[in-house]
Amino acid sequence: MDAPKAGYAFEYLIETLNDSSHKKFFDVSKLGGTKYDVLPYSIRVLLEAAVRNCDGFLMKKEDVMNILDWKTKQSNVEVPFFPARVLLQDFTGIPAMVDFAAMREAVKTLGGDPKKVHPACPTDLTVDHSLQIDFSKCAIQNAPNPGGGDLQKAGKLSPLKVQPKKLPCRGQTTCRGSCDSGELGRNSGTFSSQIENTPILCPFHLQPVPEPETVLKNQEVEFGRNRERLQFFKWSSRVFKNVAVIPPGTGMAHQVNLEYLSRVVFEEKDLLFPDSVVGTDSHITMVNGLGILGWGVGGIETEAVMLGLPVSLTLPEVVGCELTGSSNPFVTSIDVVLGITKHLRQVGVAGKFVEFFGSGVSQLSIVDRTTIANMCPEYGAILSFFPVDNVTLKHLEHTGFSKAKLESMETYLKAVKLFRNDQNSSGEPEYSQVIQINLNSIVPSVSGPKRPQDRVAVTDMKSDFQACLNEKVGFKGFQIAAEKQRDIVSIHYEGSEYKLSHGSVVIAAVISCTNNCNPSVMLAAGLLAKKAVEAGLHVKPYIRTSLSPGSGMVTHYLSSSGVLPYLSKLGFEIVGYGCSTCVGNTAPLSEAVLNAVKQGDLVTCGILSGNKNFEGRLCDCVRANYLASPPLVVAYAIAGTVNIDFQTEPLGTDSTGKNIYLHDIWPSREEVHRVEEEHVILSMFKALKDKIEMGNKRWNSLEAPDSVLFPWDLKSTYIRCPSFFDKLTKEPVALQAIENAHVLLYLGDSVTTDHISPAGSIARNSAAAKYLTNRGLTPREFNSYGARRGNDAVMTRGTFANIKLFNKFIGKPAPKTIHFPSGQTLDVFEAAELYQKEGIPLIILAGKKYGSGNSRDWAAKGPYLLGVKAVLAESYEKIHKDHLIGIGIAPLQFLPGENADSLGLSGRETFSLTFPEELSPGITLNIQTSTGKVFSVIASFEDDVEITLYKHGGLLNFVARKFS
C-alpha cells in the first residue's frame, strides 16, 4: 500500500521564512498553544520531525499528539522518529550497502527498474573508522635515555614479525595504550593491532601526523587489504543517490560527523528543518553539542531508516541540567568536562535525555559542549543536548558557514523556538528532573604523586605534598623523617648556583595526550607562557622541559596564534610528535641534579600533561610525578616546586622586584576561547574540508565499476550477494503455517546478541573457518567477522558460534546442538544446514530477556538464514524483537507465568503453528507439539506496521516490492 504524502495532516502549519524568502518550514510552535512552550528543546525537535513526516501510517497523528503531550506521556508510550540523515562507519556500512545492492538485483528480477533503488535519506559513510596499524615509528628527538632502548636507531620500517603482548605507544599517536619502554625497545617501534570503534574523549581529537613514510606505508597496506571493500564503497557512492562516501585517510566517523557533515539546519527543496542523525557508533552524541539531535543505534535500525522507516523509541524522560555560577579562573576545559561528567554519573541519567540550560551554558565553548556530549556512554544518557545559541552561531561562522546561511538558520530557529538565550522571556522548559551544577564548585586538580587516580585539588597541593612526605611508603607516602623534610642541597649549573629541596620540579613536559589534545588547554599553556615571559619570569635551566604535540596540527595552531616562541623561551621546545616523557623517554637529568638528589635523598618531582605517572616511570631518580593540565605544567615549571600555594605565594618577581602570582598571568577562558575560534577552528575545518573534497591519490585513482548492478565476484570472501531475496515474489503470499518445526537451540535466560551474532576473530575450528579454508585461505587471512560482514556465508556460519553459548541440549557451554533426525551433535550451522536440506523449519526456545545487549543486525539476519521461522521466549529485549520482525522471524512469547519447563517441554518435540488470515497486535495463537500437547502463546506484534512488515517477510522484502 502507498502511504499518504508525509506532513499532509499538518500542511496548515507550513509558513514562509520571511516576506522576501522562498524558504518554507513547519511552524510547530503554533501547535498546542502553551504546551509547546514548556517542552524541552530536544523534544521540540522530535515533534517537528513527527509533524513533517506524518503520513497516517508510519507516523500517525496520534504519535504527534503523544510527543506534544510529553509531560504526561513520557516513559509510557513508544514514538517513531525520522532522523534527517544516517551516518555509517565502514564495518556497519558494508552489510547495509550490500543489502541495497542485492535489492537492485531483486527488483530487476521482479521486473522493476533497479535504478529506483536508493536510500530514502542522506547517508554518509566513513571508510576510516576502523584502522589496522602495520607500521609505526616513534620520532623521539631526545638524546639516548634510560627508557627509550635503541628506538632512535630504528632505520627503515619493517613489517610486523612478533606480536607484542602489551601494545607499545601507537607510533605518532598519544599514549592511550599500555606504553611500555621495554616493549618499545624490544619491538623497535613496529606492531600491529586491530582497533575497532575506538572511543575518543575529545571532539577535536587531533589525529597525529606520523612521519610521511609511516603514513604512506600504512595506507598502502590498508588499500591492498581492503581493496574489495573500497571498490564496493566507491561503486555505491557512484550509483546510489543520497550516499556520500568519506574517502580513506580523512578521519573517524564521529569526528568527521562533527567537523564536516553537520548541517544544524537542513534545507531540502526549500523546506527548512532541524538537522538530526542516527548512526552506528555510540559517539554520534558528539553533535548534540551543536544543537543536533542524534545518538548511536544498531546496524539494522540505521538500515531501516535508509529504507524509509523510523527509529522507534520510548518517549524519554528529559533531565534538565542547569549550569550556574562562573568557573574558577584556574579551571580548564578538561576540568569542567570531567567535573560535569562525574556529576551526571553520580546523579544517574541512564536511558534518559539530558538537556543543558542556565547562565553557565554560555561560558562553555563548542569544544566543551561537544566533549561533554561525547561522554554520554560514560554516564549512560541517550544524548546530552545543547540547544543552538549565539556561541553556536559564532562557531559555525568560523567553520565556514556563509553569512546568508547563518542568517536564515537563526531566523528559522527563533521562529520555531529552538534558539536558546540566557534572557528567555518565556522561561525555561519544564523537565522530568532538574539538577544543578555550580561551575564554581569545579576545582582545578592534579593527579599524583604515584598514581593517576589520586586527584589533588591545586589549592591543596602544598599541604598534600607535605602529608605525602610524612606518610609511610605506599601509594602516596615517602616516609621522610621530619628533621630532613626541610633539607636543601645546593647545585652549580651553567655557572649559577641553585637550591634543590623536597618538591623541586626537575622534569616538566607538555604533551597533547588523551584529553589534553583539546586545543583550549594547549592554547592556555601558550598564552600563560606569553604572559610569563612578558612579566619577566623564567624556568630554571636545570629543569628538563619539553613540548611534544600529538600532531603537526597542534604545532600549526600554537604557531599561528603566536604563542610558540614564548613556550620556547621558557624551554618548552618541540621535541617530536611521539610518546616521549610519559613512557620514560626523557633526556637524562644533569649530573649536578642527580648527585644532589642522591646526596639529600630528595623527593624531586616531575610534572606532565600525559596520562601515566607511576613511581619511577619518568626517571628512576624522580619519585613524585604529577599529571596536570598543560598550563599548570608551565606554572609549576616556573615556580620550580610543587611545594607552593599558588593563592598566597608568588611564582617569582618581575624586573622591578614586584611579586608575580599565578592569577596575574593565567589566561581567562574567554581569552582562550577567542584565540581558539580565530586560530584553531577555521584552519582545522578548512583543512578537513579540502581533504574530503579532494580525496587522495589512491582513492581518486581506485578503479570501481559504475554499472547499475554491482558485478559480484563469485570468488570473493568479503562481499557476496546475500540470499534474503531468493524467494521474493512480486506480491506477498499468505502467511504460511509453521509445521513440524524442530528446535534448533534450547536456551536459558539473558541470551545476548553477543551469544547470537558473530563478533571478533574467527576461530580456527569454526564453521566459518572451514568455509574460508575451503576457499584457499590460511588462518592468518581469516581476519574478523566484522571485516567480513559483507559476506552472508561467513556471517551465517558464525551465528551462534560463541563458545559461551549454553544450549540445554548439550548441557555445557559450546557452539553445538543436536540434529534430532540423525541424533548427531554438530556445529549449529551444520545442523541447520541439514535441517534445510530436509525441508524442516526451525524454531528457538528461550527464557527471559532474549536478545539483550548491544543492537546487532546479524543477530536477526543470521538466525533467519539458518532457517529459523520463529523464536519462542518468555520475554525479549525490545530492540531485538523489532529486528526479528524486520527480518521476517515471528517473535512468540509464552503466556505470563509460563515457560518451557512449566509446560513440560523438552525441546525434542516438533512444533506446529497456524496463523489466522488477519493478524492483530498481541493476538494469542495455539501451538501443537508432536506429543499432543497444545498451549497458547502471544504473537508479540505491537502495531499494524510490524504486522505489515511480517506479512511481507520482513523489511527488505517490503521495500523491494515498493520499488518493483
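Residues numbered from 1 in each chain as written. Predicted model: local features only at pLDDT ≥ 70, side-chain atom pairs only at ≥ 80, totals over all residues. Heavy atoms only, no water.

- Under the annotation held in an unreviewed UniProt entry, the protein chain carries the name Iron-responsive element-binding protein 2 and is attributed to Macaca fascicularis.
- What UniProt states about the protein chain under its Sequence similarities (unreviewed entry) heading is, verbatim, "Belongs to the aconitase/IPM isomerase family." (UniProt positions renumbered as here; feature names shortened; annotations may be inferred.)

## Some details on the nonpolar core
Here is step 1: The biggest cluster of nonpolar side chains holds 193 residues, and the ones touching the most others in it are Met 103, Phe 232, Leu 744, Phe 800, Tyr 850 and Leu 892.
Here is step 2: Among the elements that line this core, the one with the most residues is helix α5 (residues 90-109), at 11 residues.
Here is step 3: Residues Ala 524, Val 539, Leu 589 and Cys 621 belong to the second largest nonpolar core, which totals 74 residues. (Core = buried A, V, L, I, M, F, W, Y, C linked by side-chain atoms within 4.5 Å. Buried < 20%, exposed > 50% of the residue type's maximum accessible area, 1.4 Å probe, protein only. Helix = DSSP H or I, 4+ residues; strand = E, 2+ residues; numbered from the N terminus.)

## Some points on the side chain of Asp 275
Here is step 1: Inspection of the secondary structure puts Asp 275 in the loop between β10 (271-274) and β11 (276-279).
Here is step 2: Residue classification places Asp 275 among the buried residues on the basis of a relative accessible area of 0%.
Here is step 3: A polar contact is formed between the side chain of Asp 275 and the side chain of Arg 85, at a distance of 2.9 Å.
Here is step 4: A distance of 2.8 Å separates the side chain of Asp 275 from the backbone nitrogen of Arg 263, its partner in a polar contact.
Here is step 5: Those residues in contact with Asp 275 that lie beyond four places of it in its chain are Ala 84, Arg 85, Ser 262, Arg 263, Val 264, Val 265, Phe 266, Ile 292 and Leu 293. (Polar contact = N/O pair within 3.5 Å; in protein donor to acceptor, adjacent residues only side chain to side chain. Contact = heavy atoms within 4.5 Å.)

## Points about the environment of Gly 907
Here is step 1: With respect to the helices and strands, the residue Gly 907 is situated in the loop between β33 (890-894) and β34 (911-913).
Here is step 2: Looking at Gly 907, the relative accessible area reads 0%, which means it is buried.
Here is step 3: With 161 residues separating them in the primary sequence, Gly 907 and Tyr 746 have C-alpha atoms 6.4 Å apart.
Here is step 4: Other than its neighbours up to four places away in sequence, Gly 907 contacts Val 743, Phe 809, Phe 820 and Leu 845.

## Some points on the packing of aromatic side chains
Here is step 1: Using the criterion set out here, one finds 26 aromatic pairs in the structure.
Here is step 2: Taking 4.3 Å as the distance between ring centres and 5° as the angle between the ring planes, the aromatic pair formed by Phe 356 and Phe 386 counts as stacked. Here Phe 386 lies in the loop between β16 (383-385) and α14 (390-398) and Phe 356 lies in strand β15 (residues 353-357), a separation of 30 residues in the sequence. You'll find Phe 356 and Phe 386 in the same group, each marked buried.
Here is step 3: Ring pairing ties together the aromatic residues Phe 100, Phe 232, Phe 233, Trp 235, Phe 240, Phe 710 and Trp 712, which thus form one cluster.
Here is step 4: We note Arg 44 situated over the ring of Tyr 36; from NZ or CZ to the ring centre the distance is 5.3 Å.
Here is step 5: Over the face of the ring belonging to Phe 419 we find Lys 414, whose NZ or CZ atom lies 5.0 Å from the ring centre. (Phe/Tyr/Trp six-rings, centres within 6.5 Å; stacked < 30°, edge-to-face > 60°. Lys NZ or Arg CZ within 6 Å of the ring centre and 35° of its normal.)

## Notes on empty space enclosed by the protein
Here is step 1: Taken as a whole and assessed by the stated rule, the structure comprises eight cavities of 30 Å³ or more.
Here is step 2: Its volume calculated, the largest cavity comes out at about 100 Å³.
Here is step 3: In this structure, the largest cavity is lined by 13 residues; those nearest its centre are Val 331, Thr 332, Ala 524, Arg 669 and Val 672.
Here is step 4: In the lining of the largest cavity, the residues fall into seven nonpolar, five polar and one charged.
Here is step 5: Three or more residues apiece are contributed to the lining of the largest cavity by two domains, here domain 1 (83-129 + 215-439) and domain 2 (443-674).
Here is step 6: Each pocket or cavity is described by its volume, and for the second largest cavity that value is around 70 Å³.
Here is step 7: The residue makeup of the lining of the second largest cavity, split by class, is nine nonpolar, one polar and no charged. (1 Å grid on protein atoms, 1.4 Å probe; cavity = no way out; pocket = protein on both sides within 12 Å on 5 of 7 lines; lining within 4 Å. Points joined across faces, edges and corners; volume = space filled by probe spheres on them. Nonpolar A, V, L, I, M, F, W, Y, C, P; charged D, E, K, R; others polar. Domains from an automatic or database assignment.)

## Overview of helix α32 (residues 955-963)
Here is step 1: Where burial is concerned, most of α32 is hidden: eight out of the nine residues are buried.
Here is step 2: Looking only at α32, the buried set comprises Leu 955, Leu 956, Asn 957, Phe 958, Val 959, Ala 960, Arg 961 and Phe 963.

## Observations concerning the side chain of Ser 365
Here is step 1: With respect to the helices and strands, Ser 365 occurs in the loop between β15 and α12 (366-374).
Here is step 2: Taking relative accessible area as the criterion, Ser 365 reaches 5% and is therefore assigned buried.
Here is step 3: Not counting residues within four places of it along the chain, the set of residues in contact with Ser 365 comprises Val 391, His 673 and Glu 676.

## Observations regarding the environment of Glu 78
Here is step 1: Relative to the assigned elements, Glu 78 resides in strand β3 (residues 78-81).
Here is step 2: Residue class for Glu 78 comes out partly exposed when judged on its relative accessible area of 29%.
Here is step 3: Along the sequence, Glu 78 and Ile 67 sit 11 residues apart, while their C-alpha atoms lie 9.6 Å from each other.
Here is step 4: The contacts of Glu 78, once residues within four sequence positions are left out, are Asp 63, Ser 312, Leu 313, Thr 314 and Lys 878.
Here is step 5: One polar contact links Glu 78 to Ser 312, side chain to side chain, over a distance of 2.8 Å.

## Some thoughts on the sheet that holds strand β9 (residues 265-268)
Here is step 1: Across the sheet, four strands lie side by side as β1-β2-β10-β9; this open sheet has mixed pairing. At either end of the open sheet lies a strand with only one pairing partner, and these are β1 (14-16) and β9. Going from strand to strand, the sheet's axes swing by 35° on average, the running direction of each strand aside.
Here is step 2: In this structure, β9 lies alongside β10, joined through four bridges in antiparallel fashion. Its bridge partner lying in β10, Glu 267 is registered against Leu 272.
Here is step 3: Docked against the sheet, helix α15 (residues 403-415) engages β2 (24-26), β9 and β10, running at close to 105° with respect to β9. (Pairing = 2+ DSSP bridges. Axes fitted to C-alpha atoms, helices over the stretch in contact; angles between N-to-C directions.)

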